[in-house]
Amino acid sequence: MITQKSEKELAFLHDLFVATDWGERFAQLIDEHVVLPKKGRALYLEPGTGGHALALQEKAGDQLNLVCVEENEEYLELALAKVKAANAPIEFQRGRVDQLDLEDSEFEIVIGDGSLVAPERLPRMLAEMARVAKPGKTVAVTLPTASSYGEFFSIYWETLHNCGLVDQEANIEGLIRSLPTVATVENLAERAGLEKVAAHSRIEEFHYDSGEQFLNSPLITDFLLPRWLAFVPEDERQCVAQGIPAIINADRHEADFILSVKATLVTGRKGHSN
């Protein structure tokens, strides 16, 4: 059964279960393909509870001043505690990723974790990232792209049908279409004023040994499912929540249920004319 949790509970769940698996998959793309400057000011948007930001700061050294902007106040509180314990020279502040309270052309590099940011916010987020980067400097964003979650969406469609919610099935198509293609993100980056735009993608798999384990996973039930269930009437969500694991268990034939995500990193350099 899906239960409502407090923001503080969600922050601890994110720190313990989401950042250490989901978050690390996207962070690895940054670590593998983004070169940090040796000095100056760097910006990290949506660092969550701060684990990857601390790792980047340690890698870069004290000559790089890392500024982190996080939307979630409870995440920010945990991140600040980590920074204090590590005595790391990282500045954390609360703010919206698509409406930054920062000056133009401030940073030597701008990194954004868009893996749990609503897709419709991506264009403005990218525009803001480009705005605050210095001309010629790198902007990099990670996010899930089209073809992600396909295994779940097919089960979700069947569940809605079984619950008699046939008038809601078209909304699944909307969820699928909301995930941008890699080419779409590259185009958004170019429209934001980035040059030499490049993308790196790989399929990440999340394994579950039963439908119940899938539904009870904090990543699913607390972070992904609320958005996916948003269009389902409140009084029908119990049927949907019970139906999803039942179909997974019937279909998997004792094999793991795999949720695949196309994790993508898009990078570019801010043009000198911007």
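For the structure, check the block above.
Every residue gets a number counted from 1 within its own chain, in the order that chain's sequence is written. Where local features are concerned, this predicted model is filtered to residues with pLDDT of at least 70; where side-chain atom pairs are given and counted, the filter is 80 or more; whole-chain, interface and lining totals use all residues. Based on all heavy atoms of the structure, the side-chain values leave hydrogens and waters out of the count.

Caption draft 1: Fine view of the overall build of the protein. Helix and strand assignments come from DSSP, with helices taken as H or I runs of at least 4 residues and strands as E runs of at least 2, each series counted from the N terminus. Within the protein one finds ten helices and seven strands. Its C-alpha atoms give the protein principal-axis dimensions of roughly 55 × 40 × 30 Å. The classification of residues rests on relative accessible area computed with a 1.4 Å probe and restricted to protein chains. Under 20% of the type maximum is buried, over 50% is exposed, and intermediate values are partly exposed. Going through the 274 residues of the protein one by one, you find that 51% of them count as buried. Contact definition: two residues touch when any of their heavy atoms are within 4.5 Å. A separation threshold of at least 6 residues defines the contact pool for the protein, and within that pool the share at least 24 residues apart is 81%.

Caption draft 2: Structural detail: a nonpolar patch on the surface. Like-charged residues within 9 Å of one another, or nonpolar side chains (Val, Leu, Ile, Met, Phe, Trp, Tyr) within 5 Å, are grouped into patches, provided each residue has over 30% relative accessible area and no salt bridge. Surface accessibility in these figures is a Shrake-Rupley result with a 1.4 Å probe; residues are shielded only by whichever protein chains are displayed. By salt bridge we mean one thing: a side-chain nitrogen of Lys or Arg within 4 Å of a carboxyl oxygen of Asp or Glu. Together, F12, L16 and F17 make up a nonpolar patch on the protein surface, roughly 320 Å² of accessible area in all. By secondary structure assignment, the location of L16 is in helix 1 (residues 7-33). The exposed category is assigned to L16, whose relative accessible area is 53%.

Caption draft 3: Structural view of helix 1. Expected span of a helix, by definition, is 1.5 Å for each gap between consecutive residues, and there is one gap fewer than residues. A rise of 1.5 Å per residue sets the reference length of helix 1, with its 27 residues, at 39 Å; its end C-alpha atoms lie only 33 Å apart and thus fall more than 12% short of the reference. Bend at a residue means the angle formed by two fitted axes: the first through the 7 residues ending at that position, the second through the 7 residues beginning there. Along its length, helix 1 shows its largest kink, about 60 degrees, at V18.

Caption draft 4: Broad picture of the pairing of strand 3 (residues 90-94). As judged from the five bridges shared by strand 2 (residues 64-70) and strand 3, these two strands associate in the parallel manner. When the sheet's bridge partners are listed, L66 is paired in strand 3 with I90. As for the winding sense of the linkage, the β-α-β connection from strand 2 through helix 3 (residues 73-86) to strand 3 is right-handed. Two strands form a pair only when DSSP identifies at least two bridges running between them. Crossover handedness is defined here as right-handed if the route from the first strand over the helix to the second strand goes clockwise, with the strands pointing away from the viewer.

Caption draft 5: Region of interest: the pattern of salt bridges. Tallied over the full model, the rule gives 20 salt bridges. We note a salt bridge from R121 to E71, for which the minimum N-O separation is 2.6 Å. Highlighted residues: R121 in the loop between strand 4 (107-113) and helix 4 (122-132) and E71 in the loop between strand 2 and helix 3, separated in sequence by 50 residues. The closest approach of N and O atoms between K134 and E108, which form a salt bridge, is 2.8 Å.

Caption draft 6: Broad picture of the packing of aromatic side chains. Two rings belonging to Phe, Tyr or Trp (six-membered ring only in the last case) form a pair when the distance between their centres is within 6.5 Å. Interplanar angles under 30 degrees mark stacking, angles over 60 mark edge-to-face geometry, and anything in between is tilted. One pass over the full model with this rule turns up twelve aromatic pairs. Ring plane angle 25 degrees and centroid distance 4.4 Å describe the contact between F152 and W228, whose orientation is recorded as stacked. Remark: W228 occurs in helix 9 (residues 218-228) and F152 occurs in helix 5 (residues 150-162); sequence separation between them is 76 residues. In this structure, F152 and W228 share a single accessibility class: buried. Pairwise contacts between aromatic rings join Y149, F152, F153, Y156, Y208, F214, W228, F231 and F257 into one cluster.

Caption draft 7: Structural view of the nonpolar core. In this description, a nonpolar core means a group of buried Ala, Val, Leu, Ile, Met, Phe, Trp, Tyr and Cys residues linked to one another through side-chain atoms lying within 4.5 Å. Judged by nonpolar contacts, the single largest core of 62 residues is most densely connected at W22, Y149, F152, Y156, F214, W228 and V240. Contact partners of W22, with chain neighbours within four places excluded, come to S115, L116, P144, Y149, F206, L219, L224 and V261.

Caption draft 8: Spotlight on the sheet that holds strand 1 (residues 40-45). Taken together, the seven strands give an open sheet; going across it, the order is 3-2-1-4-5-7-6, and neighbouring strands pair in mixed fashion. Since the sheet does not close on itself, it has two edges, and those belong to strand 3 and strand 6 (194-208), each with one partner. For this sheet the average axis-to-axis angle between neighbouring strands, irrespective of direction, equals 15 degrees. Relative to strand 4, strand 1 is paired through four bridges, and the arrangement is parallel. Looking across to strand 4, one finds that A42 is bridged to I109. Taken strand by strand, helix 7 (residues 182-191) contacts strand 5 (133-145), strand 6 and strand 7 (257-270), and its axis lies near 145 degrees from that of strand 6. Note on geometry: axes are lines fitted to C-alpha atoms, helical ones only across the stretch in contact, with angles between N-to-C directions running from 0 to 180 degrees.

Caption draft 9: Structural detail: the packing of helix 1 against helix 9. In contact at an axis separation of 10 Å, helix 1 and helix 9 are set at 110 degrees when each is read in the N-to-C sense. Considered as vectors, helix 1 and helix 9 are oriented roughly perpendicular to each other. The crossing of helix 1 and helix 9 is left-handed. When helix 1 is examined against helix 9, the residues L10, L13, H14, F17, V18 and W22 are found in contact with a partner set consisting of P218, L219, D222, F223 and L224. Each residue belonging to the contact of helix 1 with helix 9 can be placed in one class, and the counts come to nine nonpolar, one polar and one charged. Any angle that is under 35 degrees is reported as roughly parallel, and any over 145 degrees as roughly antiparallel; angles of 65 to 115 degrees are reported as roughly perpendicular and all others as oblique. Handedness of a crossing is defined here by the sense of rotation of the near helix relative to the far one, left-handed for an anticlockwise turn of less than a right angle and right-handed for a clockwise turn. By the convention adopted, Pro, Cys, Tyr, Trp, Phe, Met, Ile, Leu, Val and Ala count as nonpolar, Lys, Arg, Asp and Glu as charged, and the other residues, Gly among them, as polar.

Caption draft 10: The pairing of strand 2, seen in detail. With six of its seven residues buried, strand 2 lies for the most part within the structure. Sheet analysis places strand 1 next to strand 2, joined by six bridges and oriented parallel. In the sheet register, L43 faces strand 2, and the bridge partner there is V67. Handedness of the crossover joining strand 1 and strand 2 through helix 2 (residues 51-60) is recorded here as right-handed.

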